[in-house]
Amino acid sequence: MKNRLRDLRADRGWTQEDLGRRVGVSRQAIIALEGEKHDPSLDLAYRIAVIFGVPVEDIFANPHA
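Draft legend 1. Examining helix α2 (residues 16-23) more closely. Residues of α2 that are buried include every one of Gln-16, Asp-18, Leu-19, Gly-20 and Val-23, and no others. On its buried face, α2 sits against α1 (5-11), α3 (27-34) and α4 (42-52). Looking one or two residues past α2, Gly-24 carries a phi angle of roughly 85°, positive in sign.

Next comes the structure, spelled out in structure tokens:
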């Protein structure tokens, strides 16, 4: 799933480890999300959106649109 996760994280100066810790997943999970090799669960997508203070749709592209 296309996403802006890497850009949003970099804008804040966070490492993948930092973001993973904030949302409760491993660095490897963040790597997989940023590399678009794994789609987040709905729960994880919402947790990430809350951390960045933006709607889910501003981070993750709808693959069905």
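Draft legend 2. Region of the structure containing the nonpolar core. Residues Leu-5, Leu-19, Ile-48, Phe-52 and Ile-59 are the most contacted members of the largest nonpolar core, which totals 15 residues. Contributions of two or more residues to this core are made by α1, α2, α3 and α4. Of all the elements, α4 adds the most residues to this core, at 5 residues. Apart from residues no more than four positions distant in its own chain, Phe-52 is found in contact with Leu-5, Leu-8, Arg-9, Arg-12, Trp-14, Leu-19 and Ile-59.

Draft legend 3. Spotlight on the pattern of salt bridges. Within the structure shown, the criterion is met by 5 salt bridges. Between Arg-9 and Glu-34 there is a salt bridge, and its shortest N-O distance comes to 2.5 Å. Separated by 25 residues along the polypeptide, Arg-9 in helix α1 and Glu-34 in helix α3 bring together distant segments of the chain. For the pair shown, Arg-9 and Glu-34 are each scored as buried. The salt bridge partner of Asp-18 is Arg-21, with a shortest N-O separation of 3.0 Å. Of this pair, Asp-18 and Arg-21 both sit in helix α2, 3 residues apart, which is roughly one turn of that helix. Because the salt bridges share partners, they merge into one network encompassing Arg-6, Arg-9 and Glu-34.

Draft legend 4. Focus on α4. Listed as buried for α4 are Leu-44, Ala-45, Ile-48, Ala-49 and Phe-52. Buried positions in α4, seen along its axis, are confined to an arc of 140° and lie on one side of it. Facing away from the buried side of α4, by more than 90 degrees, are the exposed residues Leu-42 and Val-50. In this structure, the buried side of α4 is in contact with α1, α2 and α3.

Criteria and thresholds
Residues numbered from 1 in each chain as written. Predicted model: local features only at pLDDT ≥ 70, side-chain atom pairs only at ≥ 80, totals over all residues. Heavy atoms only, no water. Buried < 20%, exposed > 50% of the residue type's maximum accessible area, 1.4 Å probe, protein only. Helix = DSSP H or I, 4+ residues; strand = E, 2+ residues; numbered from the N terminus. Contact = heavy atoms within 4.5 Å. Core = buried A, V, L, I, M, F, W, Y, C linked by side-chain atoms within 4.5 Å. Salt bridge = Lys/Arg side-chain N within 4 Å of Asp/Glu carboxyl O. Arc of directions from axis to C-beta.

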